[in-house]
Amino acid sequence: MEKTIIYVLSVIVMILTVGVSYAAYRIHRETQSKREDIKWIIQQLQNALTQINSNNEDEILTGLQVLSVMNEPDIRLTALPRLFALTKSSNKTISYQAEVTIDKISRPPS
């Protein structure tokens, strides 16, 4: 009788251990995936900063669009001086997009 109780308790502990181990592995995997996503977003925003500082109008527009879509406040705020300069661009598309980007940056995150 005692051996049976010990055996049942051992099986229960083993099942709980496997369950906790699987949960820890799943959380680790999800965290790693989110970390990679964040690194990718930061890289894209850094590329956008390079693009808005170029002289090529197509690259500037691409950079503005990326900045207006992705949300990393520190990197986006770094772009503000250039964005204000771009609002005075002779290219109306660039000046409009710069204004839209500034508007999106100035809004609180939702």
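Residues numbered from 1 in each chain as written. Predicted model: local features only at pLDDT ≥ 70, side-chain atom pairs only at ≥ 80, totals over all residues. Heavy atoms only, no water.

A. Region of interest: the pattern of salt bridges. Inspection of the entire model under this criterion finds one salt bridge. Among the salt bridges present, the one from Arg-26 reaches Glu-30, with a minimum N-O distance of 3.6 Å. Pair noted here: Arg-26 and Glu-30 are both in helix H1 (residues 2-52), with a separation of four residues, about one helical turn. Residue Arg-26 is classed as partly exposed on the basis of its relative accessible area, which comes to 32%. Overall, the relative accessible area of 39% leaves Glu-30 in the partly exposed class. (Salt bridge = Lys/Arg side-chain N within 4 Å of Asp/Glu carboxyl O. Helix = DSSP H or I, 4+ residues; strand = E, 2+ residues; numbered from the N terminus. Buried < 20%, exposed > 50% of the residue type's maximum accessible area, 1.4 Å probe, protein only.)

B. View of the side chain of Ser-68. Examined against the element boundaries, Ser-68 turns out to sit in helix H2 (residues 57-69). By relative accessible area, Ser-68 is classed as buried at 9%. Apart from the residues lying within four places of it in its own chain, the contact partners of Ser-68 are Gln-97, Thr-101 and Lys-104. (Contact = heavy atoms within 4.5 Å.)

C. Main features of the side chain of Asn-91. If you trace the backbone, Asn-91 turns up in the loop between helix H4 (80-86) and helix H5 (92-106). Among the residues examined, Asn-91 registers a relative accessible area of 18% and is labelled buried. Engagement of the side chain of Asn-91 in a polar contact is seen with the side chain of Glu-57, the distance being 2.9 Å. (Polar contact = N/O pair within 3.5 Å; in protein donor to acceptor, adjacent residues only side chain to side chain.)

D. Representation of the nonpolar core in the model. If you look at the biggest cluster of nonpolar residues, it comprises 17 residues, and the most contacted ones within it are Ile-52, Leu-64, Leu-67, Ala-79, Leu-83, Leu-86 and Ile-94. Contributions of two or more residues to this core are made by H1, H2, H4 and H5. (Core = buried A, V, L, I, M, F, W, Y, C linked by side-chain atoms within 4.5 Å.)

E. Spatial organisation of H1. Between the first and last C-alpha of H1 there are 75 Å, a value that for 51 residues agrees with the 75 Å anticipated at 1.5 Å per step. Taken residue by residue, H1 has Leu-45, Ala-48, Leu-49 and Ile-52 as its buried positions. (Expected span 1.5 Å × (residues − 1).)

F. Quick peek at the packing of H1 against H2. The N-to-C vectors of H1 and H2 enclose an angle of 145°; their axes lie 7 Å apart at closest approach. Handedness of the H1/H2 crossing: left-handed. On H2, the residues that touch Gln-44, Leu-45, Ala-48, Gln-51 and Ile-52 of H1 are Glu-59, Ile-60, Thr-62, Gly-63, Leu-64, Val-66 and Leu-67. Here the residues of the contact of H1 with H2 sort into seven nonpolar, four polar and one charged. (Axes fitted to C-alpha atoms, helices over the stretch in contact; angles between N-to-C directions. Left-handed = near helix turned anticlockwise from the far one by under 90°. Nonpolar A, V, L, I, M, F, W, Y, C, P; charged D, E, K, R; others polar.)

By themselves, these are just geometric observations and shouldn't be taken as functional.
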